[in-house]
2 protein chains.
Amino acid sequence: MKKVKIALMGLGNVGRGVWMILNSNKEEIMKRSGYEVDVAKILVRDLEKDRYVDVPKELLTTDFNEIINDDSIKIVVEVMGGIEPAREYILESMKRKKHIVTANKMLLATGGDELFEKADSEGVMFNYEASVAGGIPIINGINESLTANKVEKLYGVINGTTNYILTKMEFDNLSFDEALYQAQEMGYAEADPTSDIEGFDSQYKLAILSSLAFGTKIKVENVYREGITKIESIDIQYAREFKKVIKLLAIVKENDGRLELRVHPTMIPQNHPLANVYDSFNAVFIKGNAVGDLMFYGRGAGDLPTGSAVVSDIVSILRSNIDIDNLNPVVKNNLWDKEIGSIRDITSKYYIRLTVEDRPGVLGEITSVFGGMNVSLLSVIQKGIDNDNENKVTLVLVTHYTKEENIVESIDSICKLNSVYKINNLIRIEEFN
Amino acid sequence: MKKVKIALMGLGNVGRGVWMILNSNKEEIMKRSGYEVDVAKILVRDLEKDRYVDVPKELLTTDFNEIINDDSIKIVVEVMGGIEPAREYILESMKRKKHIVTANKMLLATGGDELFEKADSEGVMFNYEASVAGGIPIINGINESLTANKVEKLYGVINGTTNYILTKMEFDNLSFDEALYQAQEMGYAEADPTSDIEGFDSQYKLAILSSLAFGTKIKVENVYREGITKIESIDIQYAREFKKVIKLLAIVKENDGRLELRVHPTMIPQNHPLANVYDSFNAVFIKGNAVGDLMFYGRGAGDLPTGSAVVSDIVSILRSNIDIDNLNPVVKNNLWDKEIGSIRDITSKYYIRLTVEDRPGVLGEITSVFGGMNVSLLSVIQKGIDNDNENKVTLVLVTHYTKEENIVESIDSICKLNSVYKINNLIRIEEFN
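Rules behind the numbers
Throughout this document, residue positions are counted from 1 along each chain, in the order its sequence is written. Chain labels run from A onward and ligand labels from 1 onward, assigned in the order the entries are written. Per-residue local features are limited, in this predicted model, to residues with pLDDT of at least 70; the limit for side-chain atom pairs, both in listing and counting, is 80 or more; totals at the level of whole chains, interfaces and linings are taken over all residues. Remark: hydrogens and water are excluded; side-chain values derive from all non-hydrogen atoms of the structure. UniProt positions are given in the numbering used here, feature names are shortened, and annotations may be inferred rather than shown by experiment. For helices the rule is a DSSP run of H or I covering at least 4 residues; for strands it is a run of E covering at least 2, with both sets numbered from the N terminus onward. The quantity called the radius of gyration is restricted to C-alpha atoms. Its globule counterpart is 2.2 Å times the number of residues to the power 0.38. Throughout, exposure labels follow a simple rule: accessible area from a 1.4 Å probe, protein chains only, divided by the maximum for the residue type, with under 20% read as buried, over 50% as exposed, and the rest as partly exposed. For two strands to be treated as a pair, DSSP must find at least two bridges joining them. The criterion used for residue contact is that any of the two residues' heavy atoms lie within 4.5 Å. Note on geometry: axes are lines fitted to C-alpha atoms, helical ones only across the stretch in contact, with angles between N-to-C directions running from 0 to 180 degrees. Confidence scores labelled pLDDT are given residue by residue by the predictor and lie between 0 and 100. Two parts placed together each lose some accessible area; with a 1.4 Å probe, that loss summed over both constitutes the buried area. Salt bridge, as applied in this entry: a Lys or Arg side-chain nitrogen positioned within 4 Å of an Asp or Glu carboxyl oxygen. The superposition of copies rests on a least-squares fit of C-alpha positions from residues with pLDDT of 70 or more in both. In this scheme Phe, Tyr and Trp rings, the latter by its six-membered ring, pair at centre separations within 6.5 Å, and the angle between planes marks the pair as stacked below 30 degrees, edge-to-face above 60, and tilted otherwise. In plain words, nonpolar cores are sets of buried Ala, Val, Leu, Ile, Met, Phe, Trp, Tyr and Cys residues tied together by side-chain atoms within 4.5 Å.

Chain A is annotated in an unreviewed UniProt entry as Homoserine dehydrogenase of Clostridium tertium. According to UniProt, the comment filed for chain A under the heading Sequence similarities (unreviewed entry) is "Belongs to the homoserine dehydrogenase family."

Written as structure tokens, this is what we have:
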């Protein structure tokens, strides 16, 4: 059996998963790759930290030079996360003709071009299946299996933390804060949950997926972003009345060469496959002009699922028979130039929840503002009286399809009405057609 | 732009899809593969038949020699179906060093080994993504993305016709015959629907998937098979009472190196992702020891979805930079030897519907037979009186987990009781744990 030496950079959650899989599934990996994979070095920050995994101490190092200066190490696996020094170490490793596997979404989403170009010019492979949606093979799916398609739309539930929180709010009637606390207790949410609950994590991932699916360069800032912190139990109850479910959805659509890219809470029909993606599960739903509807579902995070993606990337390098003169072609992420649309230009249905004064004529004032902006209303619900104040009522409006611009301007005007106390929430509705 | 000549063998449903995609998505395919794909010949049986697609007549031929004798044709796409002459033509084409793409499940399931070996010895690529589950990239998923995993279980809804029929029975309360008729009207079922409704189609596909997922040789006859013809509306109603859905499920599990392989109607929990796969959609659910739960969902048939898989296989060959001395490694389908278990050895819960005499003591006679065989009952439902005969009642039993052997012998004994008129149905229950 041939042997290959690899190095891990990082031994956190994902690094631990990679180590465990390389050990427990040694036989499978040998038979499928033709190689015995030998982890020669593991770069860590602290040699003394308890790792909760049985790694021989002599493999650990705090010195990156021990990795790049060892020509017998052929593959470097970056699972440390963050921009620097991950970026520098990857570029240095490529210069020394080492193939790279990374799980680093932030680095890919913000500086992917530089890394792709370097891999190309150095003739090394650069695999990153684990960077989006953990164990779900969505990168391979797009890069290898959708090559016959023009992708029209892509929708993703690609953040497990927020999906867990929304699931708990829906089924256990928890408030957002209670559900967040529970997610933290379960280890699904970080002590500082901002990146997840404000949608930054999904924004990075959507930038990566869109670049690949549409063969173009998407910058993170091209993706409109809204988190789930404003979702209240009452919105989830109203969604149920409309036979809908609220998900933090990552959406990209192409219309006449222009892309709309957005991450925001979205009401989707209860019977859509994405609506049944619960707890910390992830899924990516794609509409291709040949394949039609396609969905990939699975674990979007966790040591073993993400480790599974990393190790499959290692096996893919070992099976590629790559050499410097015969570089395995990769899908370049700049095949097309696409225009990027603004969020103001999208067309959607909208759910709007307001608190208004309880007196005759108020509804008329509000609906005539919408009418003036050509926004037509699909349904209006007014229920009971606000508990705090007998003079306030909750009003829920659902619009027909309309341009976001018209909604924004309507809301601007409505805010100024004396009879309107508060716009509590505005949630876009997606019907997948 | 480099050009490559290919030949199609067959211009039915799938061949038409391939032709349409190569034309409508020409730009995408060129950018992703680096090649302009030129269909040089199309083998058909009848030159005059109306093809419902705009193919230049001069490309059509009835003579296979025009394809193998043309050295400029590098890839042969077999979409004619059936065993012969597809098998012979593929072997001949391999001999002439042509790469092969096929959508032929029957050929792969019954004679795959010969084709894999020939491809290996001739140094040509042999791709078959379209052979299972149409547009769903399940072959690539198993071969490329699950390489780090020991697959533990695989469950598939992999026949669109039966899933359509069961969906219609569930939602529109149709009888089996009515639903089948509607499936035929919709073009989802053939005039002779035997292959679908008796489970042969799923059996072929499960043999292919299991060979790949478990790295071993599975023969079609290793797969236990039951169709859906015995399912009645009343069974679907009972399933609903138990919060279950009936699917024609293809199942493979490994227990201590022994595989159980079976295709049969199965009651599964309503909230499982596979339960929400409706109409003619397909899905494959896999449990890997690293990745955990993973599901691929999409269109399992149809000209464009299946064509999408065929064309992605063509692109994969074009991007492989393959040459004779540097053969792209493929997952061999004989990596492990596995024992194949008998259906009598499986453990399951069972739903059993019987028609029995309506008199005191009958239930006791039946339950004591089960008790004697160590089969314990989870629930017993007896409702009303049979319409046809006041002396008959329907009895529905659900068992705890038990060996199939014990069920078979219990049923044998119960059949002999004077008080039992008929065993109407026996449906296995899967709880995915």
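Structure's up, so let's keep going.
(A) View of the overall build of chain A. Each helix and strand counted, chain A has 14 helices and 18 strands in total. Over its C-alpha trace chain A gives a radius of gyration of 24 Å, about what one expects of a compact globule, namely 22 Å for 433 residues. The 433 residues of chain A split such that 59% are buried.

(B) Structural view of the pairing of strand 9 (residues 244-255) of chain B. Residues and elements named next belong to chain B. For strand 9, the buried fraction is high: 10 of the 12 residues fall into the buried class. Relative to strand 9, strand 7 (residues 151-157) runs antiparallel, the two sharing four bridges. Residue pairing for strand 9: Leu154 is matched across the bridge by Val252. In this sheet, strand 10 (residues 258-269) lies alongside strand 9 in antiparallel orientation, the contact comprising 12 bridges. Looking at strand 10, one finds that Lys253 is bridged to Glu260. Counting the residues between successive antiparallel strands, the hairpin from strand 9 to strand 10 contains two residues, one of them, Asp256, with a positive phi of roughly 50 degrees.

(C) Geometry of the sheet that holds strand 3 (residues 60-61) of chain A. Residues and elements named next belong to chain A. Strand order in this open sheet of six strands is 3-2-1-4-5-6, and the pairing throughout is parallel. The outermost strands of the open sheet, each flanked by one partner alone, are strand 3 and strand 6 (126-127). Across four bridges, strand 4 (residues 73-78) lies against strand 5 (residues 99-102) in parallel orientation. Each residue of the ladder has a partner; that of Glu78, found in strand 5, is Thr102.

(D) The arrangement of the sheet that holds strand 1 (residues 2-9) of chain B in detail. Residues and elements named next belong to chain B. Pairing is parallel in the open sheet, where six strands are placed in the order 3-2-1-4-5-6. Because the sheet does not close on itself, it has two edges, and the strands there are strand 3 (60-61) and strand 6 (126-127). Where strand 2 (residues 35-43) and strand 3 come together, two bridges link them in parallel fashion. Each bridged residue has a counterpart across the sheet, and for Leu43 the counterpart in strand 3 is Thr61. Contacting strand 1 and strand 2, helix 1 (residues 13-24) crosses the sheet at an angle of about 150 degrees to strand 2. Packed on one face of the sheet, helix 4 (residues 86-95) meets strand 1, strand 2, strand 4 (73-78), strand 5 (99-102) and strand 6 and runs near 155 degrees to strand 5.

(E) Region of the structure containing the confidence of the model for chain A. Residue and element names in this part refer to chain A. Averaged over every residue, the pLDDT of chain A is 92; residues scoring 70 or more account for 95%. Element-level mean pLDDT values for chain A span from 88 in strand 13 (residues 339-340) up to 98 in strand 11 (residues 281-288). Across residues 323-331, where pLDDT falls below 50, the model places 16 contacts with residues more than four positions away in sequence or in other chains. Model confidence for the complex: the whole-complex pTM is 0.93, and ipTM, which rates the interface, is 0.92.

(F) Quick peek at the UniProt feature "active site" (unreviewed entry) in chain A. Here, UniProt's "active site" (unreviewed entry) annotation points to Lys205(A). Mapping Lys205(A) onto the fold places it in helix 10 (residues 200-213).

(G) Molecular detail of the interface of chain A and chain B. Listed by partner, the interface residues are 48 residues for chain A and 48 residues for chain B. Both faces considered, chain A and chain B share a buried interface measuring about 4,600 Å² in area, 50% of it formed by carbon and sulfur atoms. For the pair chain A and chain B, the interface holds four salt bridges. A salt bridge links Glu28(A) to Lys150(B); its shortest N-O distance comes to 3.4 Å.

(H) View of the relation of the copies chain A and chain B. Of the two same-sequence chains, chain A is brought onto chain B (RMSD 0.0 Å, axial shift 0.0 Å) by a rotation of 180 degrees. Viewed as a symmetry operation, the transformation between the two copies matches a two-fold axis. When C-alpha positions in chain A are compared against the rotation axis, the closest is assigned to Phe296(A), at 2.4 Å. Both copies contact each other with a shared surface, as 100% of the interface residues of chain A are interface residues in chain B too.

(I) Quick peek at the packing of aromatic side chains. Residue and element names in this part refer to chain A. Considering all chains together, one arrives at 24 aromatic pairs over all chains under this definition. Their ring planes at 55 degrees and their centres at 6.4 Å tell us that Tyr155 and Phe285 sit as a pair that is tilted. Here Tyr155 is found in strand 7 (residues 151-157), whereas its partner Phe285 is found in strand 11, with 130 residues between them in sequence. Summarising the aromatic geometry, the rings of Phe281 and Tyr297 are spaced 4.9 Å apart at their centres and angled 10 degrees between planes, so their arrangement reads as stacked. With Phe281 in strand 11 and Tyr297 in strand 12 (residues 292-299), the pair connects residues that are 16 residues apart, well separated along the chain. Across the pair, Tyr297 and Phe281 agree in class, each one buried.

(J) Quick look at the nonpolar core. Counting residues in each nonpolar core, the largest one holds 161 residues, and the members touching the most others are Ile138(A) and Ile138(B). What Ile138(A) contacts, discounting residues up to four positions off in sequence, is Glu129(A), Val132(A), Ala133(A), Leu209(A), Val284(A), Ile286(A) and Phe296(A). Residues Ile21(A), Leu22(A), Val310(A) and Ala290(B) belong to the second largest nonpolar core, which totals 35 residues.

(K) Region of interest: the UniProt feature "binding site: L-homoserine" (unreviewed entry) in chain A. Listed under "binding site: L-homoserine" (unreviewed entry) in the UniProt record, and renumbered for this structure, are Glu190(A). With respect to the helices, strands and loops of the structure, Glu190(A) is situated in the loop between helix 8 (176-185) and helix 9 (194-197).

(L) Seen up close, unusual backbone geometry. The peptide bond linking Glu84(A) to Pro85(A) adopts the cis configuration, its omega dihedral lying at 5 degrees. Inspection of the secondary structure puts Pro85(A) in the loop between strand 4 and helix 4 (86-95). Phi is positive for Asp279(A), which is not a glycine, with a value near 55 degrees. Among the structural elements, Asp279(A) can be located in the loop between strand 10 (258-269) and strand 11. Asp279(A) sits in the partly exposed class, given a relative accessible area of 34%. For Phe432(B), which is not glycine, the phi torsion reads 60 degrees and is therefore positive. With respect to the element layout, Phe432(B) can be found in the segment after strand 18 (420-429). Note on Phe432(B): relative accessible area 14%, which makes it buried.

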